[in-house]
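Coordinate inspection notes
Listed here are the chains, written in short residue letters.
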Amino acid sequence: MARINDHFLKLKAGYLFPEIGRRVSAYTEANSEKAAKLIRCGIGDVTEPLPQAVRDAMKAAVDAQGHRETFKGYGPEQGYAFLRETVAKEAYADLGITADEIFISDGSKCDTGNMLDIFGPGNKIAITDPVYPVYVDTNVMIGNTGEADENGAYEGLVYLPCNKENQFVPAIPEEKVDLIYLCYPNNPTGASATRAQLEAWVAYARKNKAIILYDAAYEAFVQDPEVPRSIFEIEGAHDCAVEFRSFSKNGGFTGIRCGYVVIPKGLVGYDAQGGEVSIHSLWSRRTSTKFNGASYPVQKGAEAIFSPEGKAQVAALIEHYMGNAKLLRQACKDLGLAVFGGVNAPYVWVECPEGIDSWGMFDKMLEEAQVVITPGSGFGAAGEGYFRISAFNSRENVEEVCRRLKALL
Ligand SMILES: *Cc1c(COP(=O)(O)O)cnc(C)c1O
């Protein structure tokens, strides 16, 4: 009898995006003419083509695979030295991070989920609310939670509410936790964390021997020079943090797949006897056993992001998306709505008009404007009363969305 992992049965049946899909299909079936005008500002996927520098590097790498002399089979599980060294030099200059502290992967979604392999049961896990659902569901799968209540909150997790009062950066908890997921700039709220806020989290983590799992997938969207792009800009973070980064949102790699985890060599966790164990060596061991490395052409493409042409092309992409965010922010403000995010992140987080909840706003936008947004409540109970508009779109679509918003309320 093949027994399954019972923890999977606690998962809520992937509620958010399937439900959006269901409502959009139902609308499309009933209103085929209007539905032809549908504009999707829902899912956080990039829309603009892959930078030329990346495509050139990937093509050359594929051609190299066509000759015995330059053919490459399995690469190092932790990533090719050329990419690890480039990341250390270009993304972490002056932050005290070395190439061997960088682990190249096939993306941050896997990394944030896989990281739980090396942490034991019994950790108190703190997760922001609203949140990127991967952190919650992977903790459920591995058995770090009890059952969900009627609001979808899992027993055993410490939820850190993010709201307009705290500007969507959670207060330091009164209780002691062991692992803390933070994501700034944030998906879904578009908020960024200040240096002082991150300093407070680092101080808390060090005091409690906790580890911060810092998701910096959106660091490239930071416009304000005062806003930290990396947790390692904060003094002391090398003793208490892991950072996840991805080429998905800056380089348009959502379909190419490449990211990395940064784990300082001095970072430790604790064994059953309270002895210190290197997190870096556990992750390296895990990677060698369960992963055979990101593909060579993909790593070559990722390296090209840091070339002079690559940097200029990525800067143009960021400028494009942030220009969209600015237009969307203004359109929502013009409607008299309270608008957050969209300044250092490609997501605009908007308070629903009086008397309309998140799904009510979703339906209204779909039916009256043929625009698909994401209801805030889908990211956690504290997201109720908000909706998210993604700036990942063509300028033409964004301008049309803004026109339709004007006519909406
Ligand atoms: C898009 C995104 C990522 C990146 O995921 P990949 O697997 O690298 O594509 C990571 N974290 C958050 C919060 C994201 O929104």
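Values in this document were obtained by computation on a predicted structure and should not be read as measured data. (Residues numbered from 1 in each chain as written. Predicted model: local features only at pLDDT ≥ 70, side-chain atom pairs only at ≥ 80, totals over all residues. Heavy atoms only, no water.)

**Quick word on the domain arrangement of the protein**
Applied cut-off: Just so you know, the domain bounds were taken from an automatic or database domain assignment. Simply put, the buried area is the total loss of 1.4 Å probe accessible area from both parts when two parts are fitted together. In what follows, salt bridge is the name for a side-chain nitrogen of Lys or Arg lying within 4 Å of a carboxyl oxygen of Asp or Glu. Identification of polar contacts relies on pairs of N or O atoms within 3.5 Å, with a donor-acceptor requirement for protein atoms, meaning one able to donate a hydrogen and the other able to accept it, and with residues adjacent in sequence counted only if both atoms are side-chain atoms.
According to the domain assignment, the protein consists of domain 1 (6-48 + 309-408) and domain 2 (54-307). On a C-alpha basis, the centres of domain 1 and domain 2 stand 25 Å from each other. Each partner contributes to the roughly 3200 Å² buried at the junction of domain 1 and domain 2, and carbon and sulfur atoms together form 61% of this total. Broken down residue by residue, the surface that domain 1 buries against domain 2 is led by Lys-10, Asn-344 and Phe-379, which jointly contribute 21%. One can count two salt bridges joining domain 1 with domain 2. Taking the shortest distance from any N to any O, the salt bridge between Lys-311 and Glu-90 comes out at 2.8 Å. Inspection of the domain 1/domain 2 interface yields 18 residue pairs in polar contact (both at pLDDT 80 or more).

**Quick notes on the site of the ligand**
Here is the rule we go by: In these notes, residues near a molecule or strand are those with any non-hydrogen atom within 4 Å of it. Per-residue accessibility takes into account occlusion by the displayed protein chains alone, with areas from the Shrake-Rupley method and a 1.4 Å probe. As defined here, a cavity is a set of points on a 1 Å grid over the protein atoms alone where a 1.4 Å probe fits but cannot get out. A pocket is an open set with protein on both sides within 12 Å along at least five of seven lines, and residues line them when an atom is within 4 Å of a point. Those molecules having more than half of their atoms within 2 Å of a cavity or pocket grid point set are described as sitting in that cavity or pocket. When residue character is reported, Ala, Val, Leu, Ile, Met, Phe, Trp, Tyr, Cys and Pro are called nonpolar, Asp, Glu, Lys and Arg charged, and the others, Gly included, polar.
Around the ligand sit 14 residues in total, of which Tyr-218, Ser-246, Ser-248, Lys-249 and Arg-257 are the nearest. A distance of 2.8 Å is found between an oxygen atom of the ligand and a side-chain nitrogen or oxygen belonging to Asn-187. Coverage of the ligand by the protein chains reaches 93% of its 390 Å² of free accessible surface. Put simply, the ligand lies in the largest pocket. The residue inventory of the shell around the ligand, partitioned by class, reads five nonpolar, five polar and four charged.

**Examining the layout of surface pockets**
Put simply, the rule reads: Grid points are joined across faces, edges and corners, and a volume is the space filled by probe spheres set on the points. The way it works is that DSSP assigns letters per residue, a run of H or I at least four long becomes a helix, a run of E at least two long becomes a strand, and they are numbered from the N terminus.
Empty space within the largest pocket amounts to approximately 1400 Å³. In terms of lining, the largest pocket is formed by 48 residues, of which the most central are Val-131, Tyr-132, Pro-133, Val-134 and Gly-378. At the level of elements, α1 (16-30), α5 (108-114), β3 (125-129) and α6 (133-142) are the ones that each hand at least two residues to the lining of the largest pocket. It is α6 that provides the largest number of residues to the lining of the largest pocket, a total of seven residues. Counted by class, the lining of the largest pocket contains 22 nonpolar, 15 polar and 11 charged residues. Each of domain 1 (6-48 + 309-408) and domain 2 (54-307) gives at least three residues to the lining of the largest pocket.

**Observations concerning α1**
We apply this condition: Helices are assigned an expected span. That span is 1.5 Å times one less than the residue count. Using a 1.4 Å probe on the protein chains alone, a residue whose accessible area is under 20% of its type maximum counts as buried, one over 50% counts as exposed, and one in between counts as partly exposed. The arc in question is formed by the directions pointing from the helix axis toward the C-beta atoms. Residues count as neighbours in contact if any of their non-hydrogen atoms are within 4.5 Å of one another.
Across its 15 residues, α1 extends 22 Å between first and last C-alpha, which sits within 8% of the 21 Å expected from 1.5 Å per residue. When we look at burial in α1, the residues that qualify are Leu-16, Glu-19, Ile-20, Val-24 and Tyr-27. Looking straight down α1, one finds that the buried residues subtend no more than 130 degrees of arc, so they occupy a single side. In this structure, α1 carries Pro-18 and Glu-29 as exposed residues pointing more than 90 degrees from its buried face. For α1, the secondary structure elements touched by its buried residues are α2 (32-35), β1 (39-40), α11 (358-369), β13 (371-372) and β14 (374-375).

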